[in-house]
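One letter stands for each residue in the lines below.
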Amino acid sequence: MLPFHVPDIDEAEIGAVNDVLRSGWLTTGSRTQQFEEAFRQFVGSRHAIAVNSCTAALHLALEAIGVREGDEVIVPTMTFAATAEVVTYLRARPVFVDCEPDTLNMAPAAVRAAVTPRTKAIVPVHFAGLPCDLDALSAIARQYGLRLIEDAAHALPARWHGRTIGAIGDVTCFSFYATKTITTGEGGMITTDADGLAQRMRLMSLHGISRDGWKRYAANGSWRYEILDAGFKYNLTDIASAIGLEQLHKAERFRQARQRIADTYDHGLGDLDAIDLPARRDADVHAWHLYVVQLRLEGLRIGRDAFIEELRREGVGTSVHFIPLHMQPHYRSTFGYAADDFPVAHAAFDRIVSLPIYSKMTAADAAHVVGAVRRVVTANRRTVAKAARAAAVAARAAEVA
Ligand SMILES: *Cc1c(COP(=O)(O)O)cnc(C)c1O
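Now for a quick tour of the structure.

What counts, and where the lines are drawn
- Residues numbered from 1 in each chain as written.
- Predicted model: local features only at pLDDT ≥ 70, side-chain atom pairs only at ≥ 80, totals over all residues.
- Heavy atoms only, no water.
- Helix = DSSP H or I, 4+ residues; strand = E, 2+ residues; numbered from the N terminus.
- Polar contact = N/O pair within 3.5 Å; in protein donor to acceptor, adjacent residues only side chain to side chain.
- Axes fitted to C-alpha atoms, helices over the stretch in contact; angles between N-to-C directions.
- Parallel < 35°, antiparallel > 145°, perpendicular 65-115°, else oblique.
- Left-handed = near helix turned anticlockwise from the far one by under 90°.
- Contact = heavy atoms within 4.5 Å.
- Nonpolar A, V, L, I, M, F, W, Y, C, P; charged D, E, K, R; others polar.
- Buried < 20%, exposed > 50% of the residue type's maximum accessible area, 1.4 Å probe, protein only.
- Arc of directions from axis to C-beta.
- Near = heavy atom within 4 Å.
- Areas by Shrake-Rupley, 256 points an atom, 1.4 Å probe, with all protein chains shown as cover.
- Salt bridge = Lys/Arg side-chain N within 4 Å of Asp/Glu carboxyl O.
- 1 Å grid on protein atoms, 1.4 Å probe; cavity = no way out; pocket = protein on both sides within 12 Å on 5 of 7 lines; lining within 4 Å.
- Points joined across faces, edges and corners; volume = space filled by probe spheres on them.
- Pairing = 2+ DSSP bridges.

## Quick look at the side chain of His 321
Inference 1: Among the structural elements, His 321 can be located in the loop between α11 (304-313) and α12 (329-335).
Inference 2: In this structure the side chain of His 321 is engaged in a polar contact, spanning 2.8 Å, whose partner is the side chain of Ser 354.

Okay, structure coming up:
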């Protein structure tokens, strides 16, 4: 069985963690400072703040830009729980928007239509690692005086029109969750060029205390500290940062490995009528965190769920990204959303399957996936003739009725 994901960890990470464990300093300290500095340089931002998840990063970003009770924040419905739930932490309202049918990124026209006088920010997700149209989204943000907070959980490393994701929006939030493009087990990073926002997010990431704990306990530190606000407990440990530093060195190599798998899939599956391949734009750098195909259900005798089951029988682990948030019980009951409120995301949900894509996969693994998908499609193809006959039967039945 080929798992859907396996993290790429080797002796370098294990040795780095050992060093931290032997050092006597486990929590936020010099390794975290090094990780922040390396990350800041990697994306080309003025500031990088390490936190213990991307969820924490998004929460801190929205808090820092001043999202408060009664405000609205525009988020895609085609995303993970975190993107919207952080808005509700601040008693503000997540306003969902539909996606583009090919990229599954939030549609700029839908964003513009969702702006109200209460809107404070737009939170685009670079779905699967393909950057959103940041020119269009920045123009909307500028026009209405909104902040652009990027959920870049899928987008390390990625580039939009030659610019690195992490140095474009007001604040960018990254994830180092176990399945993401680099991992620290759990972890996240915030990048920004704005000194004031960086200062606020750093303060609130550790209890609103005016100095870093590690400075407090360092040889030249002092025991004295001041609590300036009621903050959060979102700091990253040196154990995690030691892993992160090693992973960051390999981030571009990992990306190239995923790119090769995406190329193998594109070449191996491109001729199948029953499958739409994920969008790509050769001018931009795609992080290829996910490889999401969309089934053309009219060309198949089976639905998405059965397709996944048949791939599992072929020894291929898959997943679905995502069940649109507006279809989830909590958001339906709290905000009154209905399944067909966002027809593009709704229709896409019935058709999407994420194939495995990670640097530990071999060329043989990728070829195995291609073979398995081809066998499942071939065994379940609905022929055009059969489909036409079925349509004719239905038309006759309608006439009779
Ligand atoms: C994984 C993910 C997150 C959350 O990341 P954590 O580090 O687990 O908090 C947020 N947004 C998207 C789109 C994600 O895929």
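From this point, the narrative continues.
## Some words on the packing of α11 against helix α14 (residues 363-379)
Inference 1: α14 packs onto α11 with a crossing angle of 130 degrees between their chain directions and a minimal axis gap of 10 Å. As far as their axial angle goes, α14 and α11 are oblique. The crossing of α11 and α14 is right-handed. Only Ala 372, Val 373, Val 376 and Val 377 of α14 make contact with α11, whose side of the interface consists of Phe 307, Glu 310 and Leu 311.
Inference 2: A class-by-class count of the residues in the contact of α11 with α14 yields six nonpolar, no polar and one charged.

## Comments concerning helix α6 (residues 134-144)
Inference 1: Looking only at α6, the buried set comprises Leu 134, Leu 137, Ser 138, Ile 140 and Ala 141. End-on, the buried residues of α6 take up no more than an arc of 160 degrees, which puts them together on one face. Opposite the buried face of α6, at more than 90 degrees from it, the exposed residues are Arg 142 and Gln 143.
Inference 2: Packed against the buried residues of α6 are α5 (108-114), β4 (119-122), β5 (147-151) and β6 (159-160).
Inference 3: N-cap assignment for α6: the residue whose side-chain oxygen lies 3.3 Å from the backbone N of Asp 135 is Asp 133.
Inference 4: At the C-terminal side of α6, Gly 145 shows a positive phi close to 65 degrees.

## Considerations on the site of the ligand
Inference 1: In the vicinity of the ligand there are 16 residues, among which Thr 55, Asp 151, His 154, Ser 175 and Lys 180 approach most closely.
Inference 2: The contact in question runs from an oxygen atom of the ligand to an N or O atom on the backbone of Cys 54, over 2.9 Å.
Inference 3: Note that an oxygen atom of the ligand is positioned 2.5 Å from one of the side-chain N or O atoms of Thr 55.
Inference 4: When the free accessible area of the ligand is taken as 390 Å², the share hidden by the protein chains comes to 93%.
Inference 5: Of all the elements in the fold, those that place two or more residues in the shell around the ligand are α3 (54-64) and α4 (81-89).

## Some remarks on the pattern of salt bridges
Inference 1: Taken as a whole and assessed by the stated rule, the structure comprises 21 salt bridges.
Inference 2: Here Lys 250 ties to Glu 13 by a salt bridge, and the two come within 2.7 Å at their closest N and O atoms. Placement of Lys 250 in the loop between α9 (238-249) and α10 (251-269) and of Glu 13 in helix α1 (residues 11-23) is noted, with a sequence separation of 237 residues between them. Side by side, Lys 250 and Glu 13 carry an identical accessibility label, which is buried.
Inference 3: Measuring nitrogen to oxygen at the nearest pair gives 3.5 Å for the salt bridge that ties Arg 351 to Asp 276. Of this pair, Arg 351 sits in the loop between α13 (343-349) and β12 (352-355) while Asp 276 sits in strand β10 (residues 275-276); the two residues are 75 residues apart in sequence, bridging distant segments of the chain.
Inference 4: Owing to a relative accessible area of 23%, Asp 276 belongs among the partly exposed residues under this scheme.
Inference 5: Because the salt bridges share partners, they merge into one network encompassing Asp 10, Glu 13 and Lys 250.

## Quick look at empty space enclosed by the protein
Rolling a probe over the atoms, with the probe sized like a water molecule, indicates the empty space that remains.
Inference 1: Per the stated rule, a full pass over the model turns up one cavity of 30 Å³ or more.
Inference 2: Looking at the largest cavity, it is lined by 17 residues, and the ones nearest its centre are His 5, Lys 180, Thr 181, Arg 258 and Tyr 358.

## Re the sheet that holds β10
Inference 1: Read across the open sheet, the three strands follow the order β10-β11-β12; overall the sheet is antiparallel. Each end of this open sheet is capped by a strand with a single partner; those strands are β10 and β12.
Inference 2: Judged from the four bridges that link them, strand β11 (residues 291-295) and β12 form a sheet pairing that is antiparallel. Bridge pairing links Gln 294 to Ile 352 in β12.
Inference 3: Sheet strands in contact with α11 are β10, β11 and β12, and its direction is about 25 degrees off that of β12.

What is shown is where atoms sit, not what they do.
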